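Architecture and fold: a report
Residues per chain are reported as follows:
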Amino acid sequence: MKITYIFFLLAAIAIGGFVLSHSFEKAESVGPVQVVKATYGPPFGFVPIQMTVKAGQPVRLEVEATEDGRGCMGSITIPRLNNQIQSFKKGQVNVFEFTPQTPGTYPVTCAMGIPHGDIIVR
């Protein structure tokens, strides 16, 4: 019984560490464009859940799908920054380009508005 408990405790710590280490992403500048890369698929869904970019500079968000999207979580959009709606297809990279003007927190959602994560504009 103790071994099972210890195994589950260690597994939870490992998963928690992975999630925390992949929860935040700061944009990488490629010339004048800020590039942010994310993935969508098991076991954690949309990763990272928070991405930070600078106001007034162009952004290119690239989301690689590691599985086909299902249900309402099978689509992605960025209301107020880029209103384009794209569907997840395994192996496809969804690309969103926008230039945020106003600092704040902007949700990344499915087409129905359920959040996948946030873009923080500073």
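Everything discussed here concerns the structure shown above.
Calculation criteria
- Residues numbered from 1 in each chain as written.
- Predicted model: local features only at pLDDT ≥ 70, side-chain atom pairs only at ≥ 80, totals over all residues.
- Heavy atoms only, no water.
- Salt bridge = Lys/Arg side-chain N within 4 Å of Asp/Glu carboxyl O.
- Buried < 20%, exposed > 50% of the residue type's maximum accessible area, 1.4 Å probe, protein only.
- Core = buried A, V, L, I, M, F, W, Y, C linked by side-chain atoms within 4.5 Å.
- Helix = DSSP H or I, 4+ residues; strand = E, 2+ residues; numbered from the N terminus.
- Contact = heavy atoms within 4.5 Å.
- Phe/Tyr/Trp six-rings, centres within 6.5 Å; stacked < 30°, edge-to-face > 60°.
- Polar contact = N/O pair within 3.5 Å; in protein donor to acceptor, adjacent residues only side chain to side chain.

Applying the stated criterion to the full structure yields four salt bridges. In this structure, R60 and E62 form a salt bridge, with 2.6 Å as the shortest nitrogen-oxygen distance. The exposure class of R60 is partly exposed, given its relative accessible area of 27%. Overall, E62 belongs to the buried group, its relative accessible area being 16%.

What follows covers the nonpolar core. Ranked by internal contacts, the top residues of the largest apolar core, which has 21 residues, are L61, V63, I78, F98 and I119. Of all the secondary-structure elements, those providing two or more residues to this core are β3 (33–41), β5 (50–53), β6 (59–65), β7 (75–78), β9 (93–98), β10 (104–109) and β11 (115–121). If near-sequence neighbours (up to four positions away) are discounted, I78 is found in contact with L61, N83, Q84, F96, F98, P107, V108 and I119.

The next subject is unusual backbone geometry. With an omega dihedral of 0 degrees, the bond running from P42 to P43 counts as a cis peptide bond. Structurally, P43 is set in the loop between β3 and β4 (45–47). Backbone torsion omega between V47 and P48 reads 5 degrees, so that peptide bond is classified as cis. In this fold, P48 is placed in the loop between β4 and β5. The phi dihedral of R80 is positive, around 75 degrees, even though this residue is not glycine. The topology assignment puts R80 in the loop between β7 and β8 (82–87). Given the relative accessible area of 59%, R80 is considered exposed.

Below, the discussion takes up the packing of aromatic side chains. Two measures describe an aromatic ring pair: the distance that separates the ring centres and the angle between the ring planes. This structure, assessed with the given rule, holds one aromatic pair. Between Y40 and F88, the aromatic rings sit 3.9 Å apart at their centres with planes inclined by 5 degrees, giving stacked as the arrangement. You can see Y40 sitting in strand β3 and its partner F88 sitting in the loop between β8 and β9, a full 48 residues away along the chain. Neither residue differs from the other here; Y40 and F88 are each classed as buried.

Turning our attention to the side chain of H116. With respect to the helices and strands, the residue H116 is situated in strand β11. Within the structure, H116 has its side chain in polar contact with the backbone oxygen of S75 (distance 3.0 Å). Excluding residues that lie within four positions of it along the chain, H116 makes contacts with Y40, F46, I49, M73, S75, I76, F88, V108, T109 and C110.

This is a description of form; function is not addressed.
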